[in-house]
Amino acid sequence: MAALFTGKVLMANREQDEVETERELGRTLENKVLLLYFGSSQCPRCRQFSPLLKDFFLRLTDEFYVERASQLVLVYVSRDETEEQQSAFLRSMPKRWLAIPFGDAFKRELELRFAVSEVPAVVVLKPNGEVIVGNAVEEIQRMGPACYRNWQEAAELVDRNFRLAEDFDDCTRRSITDPIRRLKYKLDKKTEAKNRERKEEGEESP
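Residues numbered from 1 in each chain as written. Predicted model: local features only at pLDDT ≥ 70, side-chain atom pairs only at ≥ 80, totals over all residues. Heavy atoms only, no water.

Engineer: Looking at this structure, how should I read the overall build of the chain?
Structural biologist: A count of helices and strands for the chain gives eight helices and seven strands. Taking the contacts inside the chain whose residues are at least 6 apart along the sequence as the reference set, 63% of them involve residues at least 24 apart. Carbon and sulfur atoms provide 48% of the accessible area of the chain, an area that totals close to 13,100 Å². (Helix = DSSP H or I, 4+ residues; strand = E, 2+ residues; numbered from the N terminus. Contact = heavy atoms within 4.5 Å. Areas by Shrake-Rupley, 256 points an atom, 1.4 Å probe, with all protein chains shown as cover.)

Here's what the structure looks like:
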């Protein structure tokens, strides 16, 4: 997914922090479903849809609603007329949202690439950049957070718990578990020896 934004800049946390290196982008976007939200704070239909999208995103990512955040990231691609309008809109949205900087020509590239002709539009992408849904606005309105499960399956995401276990250093893992394994082995041996002694004593008894 980071390849889509190679050489580009994303704004993070509604502040002037930039996520621009390939490593940062990779860490932010890897193994996640990506939503590109094309909208405008001045558009009447966007004003109706944005609060719904905000609630949708929070219910999937905020610890108040879920124990573990869904593997979901959203990038706002605005059609706001001024930077102040874009900033004001983002201040009312979740902190985890990212955004294309105001005035960046990359916005137009994304509109052309994904054939976005009107707003609001939500393009749903796999981690490799393939399109899952060309415009999920109606689906989000109709199904709410339940539609994420369909996207997750289509994106073939790797469960993060599995990844954490898989990526854990082998040497460290052995150093933690080997003493336990050795202890269990010794206990098993002792139990086996005691059982053998009892069996032999039983056979020797008249």
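There's more to say after this.
Engineer: How do you make sense of helix H6 (residues 147–155) when you look at a structure like this?
Structural biologist: Since one α-helical turn is 3.6 residues long, residues separated by three or four positions face the same way. Within H6 the residues assigned to the buried category are Cys147, Tyr148, Trp151 and Ala155. Along the long axis of H6, the arc covered by the buried residues comes to 100 degrees, so they all point the same way. For H6, the exposed residues lying more than 90 degrees away from the buried face are Arg149 and Glu153. Contact partners of the buried residues in H6: strand S3 (33–39), helix H2 (44–61), strand S4 (72–78), strand S6 (121–125), strand S7 (131–133) and helix H5 (137–143). (Buried < 20%, exposed > 50% of the residue type's maximum accessible area, 1.4 Å probe, protein only. Arc of directions from axis to C-beta.)

Engineer: Which parts of the structure should I look at to understand the pattern of salt bridges?
Structural biologist: Pairs can form between side chains of opposite charge once their charged atoms are near each other. Considering all chains together, one arrives at six salt bridges under this definition. Two residues, arginine 79 and glutamate 111, come together in a salt bridge whose shortest N-O distance is 2.9 Å. With arginine 79 in the loop between S4 and helix H3 (83–91) and glutamate 111 in helix H4 (residues 106–113), this pair connects stretches of sequence that are 32 residues apart. For arginine 79, a relative accessible area of 31% corresponds to the partly exposed category. Among the ionic contacts, a cluster of salt bridges with common partners joins Arg79, Arg108 and Glu111. (Salt bridge = Lys/Arg side-chain N within 4 Å of Asp/Glu carboxyl O.)

Engineer: Would you mind going over the pairing of S3 with me for this structure?
Structural biologist: Along any regular strand, the residues point their side chains to alternate faces of the sheet. Among the seven residues of S3, seven are classified as buried, and the element is accordingly described as predominantly covered. Neither face of S3 is left uncovered, since the one carrying Val33, Leu35, Tyr37 and Gly39 and the one carrying Leu34, Leu36 and Phe38 both have all their residues buried. The β-α-β motif built from S3, the intervening H2 and the parallel element S4 has right-handed crossover chirality. As paired strands, S3 and S6 are joined by five bridges and run antiparallel to one another. Across the sheet, phenylalanine 38 pairs through a bridge with alanine 121, a residue of S6. (Right-handed = clockwise from strand over helix to strand, strands pointing away. Pairing = 2+ DSSP bridges.)

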